[in-house]
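# Results of the structural survey
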Amino acid sequence: MALSHLMPGVPMLTTMHCLITPDTKFVWDRYEGHYSTISWSQRRLMREINGGKFAGVAYNGIDVQSFPFQEEKEDFLLFLARISQDKAPHLAIEAARRAGKRLVIAGKVDQVDHDYFASMVAPHIDGDRVVFAGEANAATKRDLYRRASCVLMPIVWDEPFGLVLVEAQACGTPVIAFSRGAAREIIRDRE
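Below, the structure is looked at part by part. Given the structure is predicted, the values throughout are model-derived calculations rather than measurements.

Take the pattern of salt bridges next. Per the stated rule, a full pass over the model turns up eleven salt bridges. Put simply, Glu159 and Lys87 hold a salt bridge, and the shortest N to O gap is 2.7 Å. Pair noted here: Glu159 is in the loop between β7 (150–153) and α6 (163–170) and Lys87 is in the loop between β4 (77–80) and α3 (89–99), with a separation of 72 residues, a long-range link. Its relative accessible area of 10% is what places Glu159 among the buried residues. Measuring nitrogen to oxygen at the nearest pair gives 2.7 Å for the salt bridge that ties Arg146 to Asp143. Taken together, the positions of Arg146 and Asp143, both in helix α5 (residues 138–147) and three residues apart, correspond to about one turn of that helix. Under the relative-accessibility criterion, Arg146 is labelled partly exposed at 25%. For Asp143, a relative accessible area of 27% translates into the label partly exposed. Among the charged side chains, a network of salt bridges with common partners joins Glu74, Asp143, Arg146 and Arg147.

The phi dihedral of Ala88 falls on the positive side, at around 60°, and the residue is not glycine. Within the secondary structure, Ala88 sits in the loop between β4 and α3.

Attention now moves to α3. Where α3 is concerned, the buried positions are Pro89, Ala92, Ile93 and Ala96. All buried residues of α3 project into a common sector of 100° when viewed along the axis, lining one side. Among the exposed residues of α3, those oriented more than 90 degrees off its buried face are Arg97 and Arg98. The inward-facing, buried residues of α3 abut β4, β5 (103–106), α4 (114–121), β6 (130–134) and β7. Just downstream of α3 lies Gly100, where phi reads positive at about 70°.

With burial as the criterion, each face of β4 is covered, one bearing Leu77 and Phe79 and the other bearing Leu78 and Leu80. Where β4 meets β5, four bridges bridge the pair, whose relative direction is parallel. Within β5, the position partnered with Leu78 by the bridge is Val104. After leaving β4, the chain enters α3 and then returns to the sheet as β5, a path that is right-handed. Sheet topology note: the β4/β7 ladder contains two bridges and is parallel. What sits directly across from Leu77, in β7, is Cys150.

About the cut-offs
- Residues numbered from 1 in each chain as written.
- Predicted model: local features only at pLDDT ≥ 70, side-chain atom pairs only at ≥ 80, totals over all residues.
- Heavy atoms only, no water.
- Salt bridge = Lys/Arg side-chain N within 4 Å of Asp/Glu carboxyl O.
- Helix = DSSP H or I, 4+ residues; strand = E, 2+ residues; numbered from the N terminus.
- Buried < 20%, exposed > 50% of the residue type's maximum accessible area, 1.4 Å probe, protein only.
- Arc of directions from axis to C-beta.
- Contact = heavy atoms within 4.5 Å.
- Pairing = 2+ DSSP bridges.
- Right-handed = clockwise from strand over helix to strand, strands pointing away.

Put into structure tokens, the structure is as follows:
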């Protein structure tokens, strides 16, 4: 996309996966091709850009067959995401505590998020009511999704999509999330 101006006349479609930031706006303002977003929420929230032509929304897809559906669930809640302030596992811990439920946390702790993890998450990990499983590989996350009674996604930013939302649901596991970003497009309230 950043080099699209080097190929004049060649049709191009770029899918935006992140929100436009001040450091990427320069590139987007000069883009001459078409672009799609991964949710309507992302489309509404992105800053105005001067380049490109909006082509529509293309939601992220998953191989549903690779996510094992399981109707019978175990008695634990799951938080599975990058361990960061934006994803708010500290709020998942509080929700599980208030509900009297066991919480399993699985996710990567990037170096930039280490202080957050150490101060807001780690003090609550006791190996019993709050368990930290570390970063989950493909097999582990599918196992956790299929067994969990519910996935908690207390995101505190306008996430453009959130694969966890659809992956958990493919396993038959309900998701509880704040109505931020694309969550309201991906999750339907049970009536």
